[in-house]
Amino acid sequence: MERALEIHSEGQIKLFLESWEDLPVDAYMKDGADYRRRRHGSFRFSGGDLGGHFGGDLVREAPRAFHQSAEVNALHGGVDRHFPPLADEVAAEGVLHTLIRFFAERVPGDFDPATSGVGVHQIRITATRDAKGLPAPEGVHEDGHHYVAQVLMRRTDVKGGESQLYDRDRRPIHSTTLLRPFESIVIDDRRVFHGVSAIEPADGVRQGVRDMLLIDYFPLAPDGARD
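Note that this is a predicted model, so its numbers are computed, not measured.

(A) Region of interest: the nonpolar core. The biggest cluster of nonpolar side chains holds 32 residues, and the ones touching the most others in it are Ile100, Leu213 and Tyr217. Counting residues per element, this core draws most heavily on helix 3 (residues 95-104), at seven residues. If we ignore the near neighbours within four places in the chain, the residues touching Ile100 are Phe43, Phe45, Leu58, Val118, Val120, Ile215 and Tyr217. Met29, Ile125, Val148 and Met212 belong to the second-largest nonpolar core, a separate cluster that totals 16 residues.

In structure tokens:
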């Protein structure tokens, strides 16, 4: 990934990371919780797989509702969630597009860019002395996509946040804690469940944050909507 990002200046990467400072509170959290902030965007590929690399353009789609079934997400599923869109400077050609292509070439299974869509979530979880932050308030779950890239952007003054993977019988099979910017996990969402433990401020500080970029890859229905 470091080699892939070399086409971008340190300033461009810095601005990309700083865009997490401008995420609105997730209005769909239960009980009025305000520890999660979020933006969402959708893309599709224009072009195909050219010699093992994804050619053509990444086309930004008009804002659309993010929907998960109640079966997949018992806590927040079953409703259309209209999150604030990605900022134009984030969605434009740049660091985000590099990351989308990078992970599309590395998903653990077949992927056809001509028939697939991409969802992008910018998420910040805040933890304070009074309240832990829950990166996965749903608990052990699946997202309802084909593949998901979970990319750490920033981890400041927090402890916890262990990423956990489970088999389809919900038996633990792997766990790790993402610590460095751009450290990632890529999963086949149809083969594993996943979860993340709570975060809390590190000793001696009042507040900490954990910033994540989630990139979803899923098949498109003939009308261009999610299948």
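Here the narrative resumes, following the displayed structure.
(B) Region of the structure containing the packing of aromatic side chains. Per the stated rule, a full pass over the model turns up five aromatic pairs. Centre to centre, the rings of Phe111 and Tyr217 are 5.4 Å apart; their planes meet at 85 degrees, and the pair counts as edge-to-face. Here Tyr217 lies in strand 15 (residues 207-219) and Phe111 lies in the loop between helix 3 and strand 7 (116-128), a separation of 106 residues in the sequence. With relative accessibility at 1%, the residue Tyr217 sits in the buried group. Here the aromatic residues Phe45, Phe111 and Tyr217 are joined through ring pairs into a cluster of three or more. If you follow Arg168 out to its NZ or CZ, it ends over the ring of Phe193, 4.0 Å from the centre. For Arg190, the ring lying beneath its charged end belongs to Tyr147, and the centroid distance is 5.2 Å.

(C) Seen up close, helix 3. Where burial is concerned, most of helix 3 is hidden: ten out of the ten residues are buried. Where helix 3 is concerned, the buried positions are Val95, Leu96, His97, Thr98, Leu99, Ile100, Arg101, Phe102, Phe103 and Ala104.

(D) Expanded view of helix 1 (residues 10-18). Turning to helix 1, its buried residues number three or more, namely Ile13, Phe16 and Leu17. Angularly, the buried residues of helix 1 cover 95 degrees about the axis, an arc narrow enough to put them on a single face. For helix 1, the secondary structure elements touched by its buried residues are helix 2 (88-91), helix 3, strand 8 (147-156) and strand 15.

(E) Just the sheet that holds strand 12 (residues 184-188), in detail. Pairing within the open sheet is antiparallel, and its six strands lie in the order 4-1-7-15-8-12. Strands with a single pairing partner mark the edges of an open sheet, and in this sheet they are strand 4 (57-60) and strand 12. Put simply, the sheet's adjacent strands are angled 25 degrees from each other on average, direction ignored. Across four bridges, the pairing between strand 1 (residues 36-46) and strand 4 is antiparallel. Paired with Phe43 across the two strands is Arg60, which belongs to strand 4.

(F) Quick look at the pattern of salt bridges. Enumeration according to the criterion identifies 17 salt bridges in this entry. Here Arg168 ties to Glu142 by a salt bridge, and the two come within 3.2 Å at their closest N and O atoms. A residue pair is termed long-range when its members are at least 10 positions apart, and Arg168 in the loop between strand 10 (162-166) and strand 11 (172-177) and Glu142 in the loop between strand 7 and strand 8 qualify at 26 residues. On the basis of relative accessibility, which here comes to 18%, the residue Glu142 falls in the buried class.

(G) Molecular detail of the environment of Ala27. Examined against the element boundaries, Ala27 turns out to sit in the loop between helix 1 and strand 1. On the basis of relative accessible area, Ala27 is assigned to the exposed category, the value being 70%. Along the backbone, Ala27 and Arg38 are eleven residues apart, and their C-alpha atoms lie at a distance of 9.1 Å.

(H) Spotlight on the side chain of Thr98. Here Thr98 shows up in helix 3. A residue is classified by how much of its surface remains accessible, and Thr98, at 12% relative accessible area, is buried. Apart from the residues lying within four places of it in its own chain, the contact partners of Thr98 are Ala4, Leu5, Ile7 and His8.

What counts as what
- Residues numbered from 1 in each chain as written.
- Predicted model: local features only at pLDDT ≥ 70, side-chain atom pairs only at ≥ 80, totals over all residues.
- Heavy atoms only, no water.
- Core = buried A, V, L, I, M, F, W, Y, C linked by side-chain atoms within 4.5 Å.
- Buried < 20%, exposed > 50% of the residue type's maximum accessible area, 1.4 Å probe, protein only.
- Helix = DSSP H or I, 4+ residues; strand = E, 2+ residues; numbered from the N terminus.
- Contact = heavy atoms within 4.5 Å.
- Phe/Tyr/Trp six-rings, centres within 6.5 Å; stacked < 30°, edge-to-face > 60°.
- Lys NZ or Arg CZ within 6 Å of the ring centre and 35° of its normal.
- Arc of directions from axis to C-beta.
- Pairing = 2+ DSSP bridges.
- Axes fitted to C-alpha atoms, helices over the stretch in contact; angles between N-to-C directions.
- Salt bridge = Lys/Arg side-chain N within 4 Å of Asp/Glu carboxyl O.

Spatial relationships are all this shows, so hold off on functional conclusions.
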